[in-house]
Amino acid sequence: MALYTQLMNNLDTLALSKMKENLEPVVNKTINDPNYSFTDALLDLTNAEITFRDERARKINITISSFPYQKTLKDFDFTYQATVSKEKILDLATLRFMENKSNVIFMGSPGVGRTHLATALGMEAAGQRISTYFINFATLMEKFKQASKENRVEQVVKHYLKYSLLIIDEIGYLPIDRNASYGFFQLVAARYEKRSTILTTNQPFSKWGEVFGDTVIANAILDRLVHHCEIIKINGMSYRLKGKNIFEED
Ligand SMILES: Nc1ncnc2c1ncn2[C@@H]1O[C@H](COP(=O)(O)OP(=O)(O)OP(=O)(O)O)[C@@H](O)[C@H]1O
Ligand SMILES: [Mg+2]
């Protein structure tokens, strides 16, 4: 078998598809350019493979993070939402808050961009291959409710503890089972000062007693969440109403 064919087969066997793709131009360059060394050639080939693998890993990590949509800070119109400090959000996007195991809470009414901003920060983390997971609060509470019936709350806590960044979207009024609230408290306590959590809510903290159906549990949850926390209150109009005047009488 010709040496070149053998080499191509080896690259196939080793699953080095990008090295294989780039082999021909690189070999030609080694022949035509006397300044292009064997080391240069190997470096270019391995770089092509690494770049491809990094990008693939980034995409996979974003996919498994289960975001509701893929939106970044570039898609966010800061001029529309005057109460959101662009500087503060860009600082959060450096993920410095994760180094300190701090939390972030986005608070505001529907459509103001809470899920968008939480997702954008999550995409940043997932893109850097930090284990990230997005879950809706109602879904999480359902899991705790079920787990408490089956006596395996601890396993659920363990599962959600493993993510370096957990995003819990839309803490609000639901008919919440007391056991589910207690499960949530255990998760918050387990992540406290160990892992960062981003939360979004449409309820002020004063209402969390009603949200969790128990003031004592709600206070214990809040105490741990806000100890190291960036609270972003968004007071503007829903982005969905941009350019619309639905409250005006016609
Ligand atoms: N300032 C903004 N710039 C660009 N798009 C925005 C902005 N604010 C919100 N959006 C878009 O508007 C829609 C609603 O935003 P988002 O999902 O973040 O709402 P929310 O605050 O989580 O409220 P809800 O949960 O009720 O939908 C999304 O498609 C989001 O991308
Ligand atoms: Mg939302």
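You'll find the structure just up there.
Residues numbered from 1 in each chain as written. Chains lettered and ligands numbered in written order. Predicted model: local features only at pLDDT ≥ 70, side-chain atom pairs only at ≥ 80, totals over all residues. Heavy atoms only, no water.

## Examining empty space enclosed by the protein
(1) Moving on: Counting across every chain of the model gives one cavity of 30 Å³ or more.
(2) Moving on: Taken as a whole, the largest cavity holds about 90 Å³ of empty space.
(3) Moving on: Asn103, Val188, Arg191, Tyr192 and Thr197 are the residues nearest the centre of the largest cavity, which is lined by 14 residues in total.
(4) Moving on: Ranked by the residues each element gives to the lining of the largest cavity, the list is headed by helix α9 (residues 178–191), at three residues.
(5) Moving on: When grouped by side-chain class, the residues that make up the lining of the largest cavity number six nonpolar, three polar and five charged. (1 Å grid on protein atoms, 1.4 Å probe; cavity = no way out; pocket = protein on both sides within 12 Å on 5 of 7 lines; lining within 4 Å. Points joined across faces, edges and corners; volume = space filled by probe spheres on them. Helix = DSSP H or I, 4+ residues; strand = E, 2+ residues; numbered from the N terminus. Nonpolar A, V, L, I, M, F, W, Y, C, P; charged D, E, K, R; others polar.)

## Quick notes on the packing of aromatic side chains
(1) Moving on: In total, this model carries twelve aromatic pairs according to the counting rule given.
(2) Moving on: Aromatic side chains phenylalanine 184 and phenylalanine 212 sit 5.4 Å apart centroid to centroid with 25 degrees between the ring planes, which places their arrangement in the stacked category. Placement of the pair is phenylalanine 184 in helix α9 and phenylalanine 212 in helix α10 (residues 208–212), with a sequence separation of 28 residues. In this structure, phenylalanine 184 and phenylalanine 212 share a single accessibility class: buried.
(3) Moving on: Ring pairing ties together the aromatic residues Phe137, Phe184, Phe205, Trp208 and Phe212, which thus form one cluster.
(4) Moving on: Here the basic side chain of lysine 18 rests over the ring of phenylalanine 52, its NZ or CZ set 4.8 Å away from the ring centre.
(5) Moving on: The ring centre of tyrosine 69 lies 4.9 Å from the NZ or CZ of lysine 71, which sits over that ring. (Phe/Tyr/Trp six-rings, centres within 6.5 Å; stacked < 30°, edge-to-face > 60°. Buried < 20%, exposed > 50% of the residue type's maximum accessible area, 1.4 Å probe, protein only. Lys NZ or Arg CZ within 6 Å of the ring centre and 35° of its normal.)

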